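# Survey of secondary and tertiary structure
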Amino acid sequence: MTSDSSEMTNPNTKLTQFLTPYIERNFQRKLVLIHCPTFNFETFQFEVLRNKGYYAYPPRALQCLSIAVRDLGVEAEILDLNFRMLEKLISMKSTEPVDLYKVLIGILDKYLENNPDVNIFGVSTGVIVPNIFLVERHPFLEVLKHLMEKERGLILAGGPCATIEARNLVRGKWANVVFKGEAEDRLRYFLGLLFGENIVPSTSGICFLDGDQHVESIGSTAMVDFRESLIDTYRTLPLERYHSVGCLSPFSRMVGTDKPYASLQLIRGCRMSCTFCGLTQYRGSNAVCQYPTEVLFNEIEYLVKQRGIRHFEWLDEDLLANRSAIFEVLQRISDADFKITWAADIGLIAVYLEEPLLELMAQSGCVGFRIGVESGNEEMLRKIKKPATKKKLREISQRLQRYPEFFVAGLYMLGFNGETHKQMFDTLEFAI
């Protein structure tokens, strides 16, 4: 039996070979992390912009990445193209015709011109327009294409959209390298190879081209357990201006568009395995990791006292995963009397909303949250592995009537695989 020797080569050896030309260029240890626009260019309206209806999230994921590579001596800067573009557009007269792509590339080129010594670019985007190859000119692809054409150095792509389309992005040469899933450990390993700092074990999920073949690194598949303070990363972010160009959610608009806001995260991941959710695929497991409560509270205190933040939104998919931790954080917020508001737009798992927690949520400034009900049919709830029953949801609904200060949104889905019309009407009836 014969075999192709190239196929027997360790993928990580191929990764090292792939990096050799870049190592020889002796790049400076500088990295720019780019947050691409998350609004749909094809449906952009100045009226929505003036009403601050577009999302303008501070780039928390990129803040984590910038801290993660600090021990490699890498200076990471964040370029939030979403914020900068919204701020640029809001200053323009709505009567003027505008080429959004020209505005986008203009901001990017100005940064490149002012930072000629940067040769490593990490590009990410949110999931507001997830089907990046079904949009005629997706902003994420436009940024990648422009950077690749510049041939300035290494172009790295990451985030949910990049994870889904990793193979296509690499094969289409939209980026030199694509990182799948949460990228802190993968980026540290990759930059360690580039700069000769072998401080991180080999990791899986780093995609690149070997000739014309798509290759993916092998190694650790452990989930990221990020525990570092982000306070230093806020010092270069114009956090006080984000609310002036957009919003975090309907909740941040509800409390007042004049309120400076920020996002928070206590729990990464989700304990559940709902069949319709892509989080497990992105994270690699349904296990969760918890951010240190002391570090998180220090961040909240800094944002309130030093940056004037008045509203927070939790990014957690499973905020209530550690009851003692969320109780501690909310109790400290309440005791500190920060006079802030907060919301959980991504959603809370209904079965954990017991009376003592609800009371503490109210005391600490909660104004609202979402609950993923999904289906009003018991068989379908079991099929999609949703951790709730109709009886339990009705009990929680009654309990929530005692908290009129909460604006609670119930989320429903229709069209699950194999779902019948009868099951869909059960959902409609249950919602009513």
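Look above for the structure.
Residues numbered from 1 in each chain as written. Predicted model: local features only at pLDDT ≥ 70, side-chain atom pairs only at ≥ 80, totals over all residues. Heavy atoms only, no water.

What follows deals with the sheet that holds strand β12 (residues 341-348). Here 5 strands make up an open sheet; going across it, the order is β8-β11-β12-β13-β14 and the pairing parallel. Two strands close off the open sheet at either side, each with one partner strand: β8 (261-264) and β14 (407-412). Neighbouring strand axes in the sheet, compared pairwise and without regard to direction, differ in orientation by 15 degrees on average. Where β8 meets strand β11 (residues 311-314), 4 bridges bridge the pair, whose relative direction is parallel. In the strand pairing of β11, A262 is matched with F312. (Pairing = 2+ DSSP bridges. Helix = DSSP H or I, 4+ residues; strand = E, 2+ residues; numbered from the N terminus. Axes fitted to C-alpha atoms, helices over the stretch in contact; angles between N-to-C directions.)

Applying the stated criterion across every chain, the model contains 24 salt bridges. Between K14 and D210 there is a salt bridge, with the nearest N and O atoms lying 3.5 Å from each other. Here D210 lies in strand β6 (residues 206-210) and K14 lies in helix α2 (residues 11-24), a separation of 196 residues in the sequence. Relative accessible area serves as the criterion here: at 13%, K14 is assigned to the buried category. The class for D210 is partly exposed, based on a relative accessible area of 29%. (Salt bridge = Lys/Arg side-chain N within 4 Å of Asp/Glu carboxyl O. Buried < 20%, exposed > 50% of the residue type's maximum accessible area, 1.4 Å probe, protein only.)

One pass over the full model with this rule turns up 20 aromatic pairs. For the pair F179 and F190, a centre-to-centre distance of 5.5 Å together with 90 degrees between the ring planes defines the contact as edge-to-face. One end of the pair, F179, is in strand β5 (residues 177-179); the other, F190, is in helix α10 (residues 184-195), and 11 residues separate them in sequence. The exposure class of F179 is buried, given its relative accessible area of 4%. The exposure class of F190 is buried, given its relative accessible area of 0%. Seen from their ring centres, W314 and W342 are 6.4 Å apart, and the 85 degrees between their planes marks the pair as edge-to-face. Here W314 is found in strand β11, whereas its partner W342 is found in strand β12, with 28 residues between them in sequence. Accessibility expressed as a relative area gives 3% for W314, which makes it buried. Exposure remark for W342: the relative accessible area of 3% places this residue in the buried category. Through a chain of ring-to-ring contacts, the aromatic side chains of F39, F41, F44, F46, Y54 and Y101 assemble into a single cluster. (Phe/Tyr/Trp six-rings, centres within 6.5 Å; stacked < 30°, edge-to-face > 60°.)

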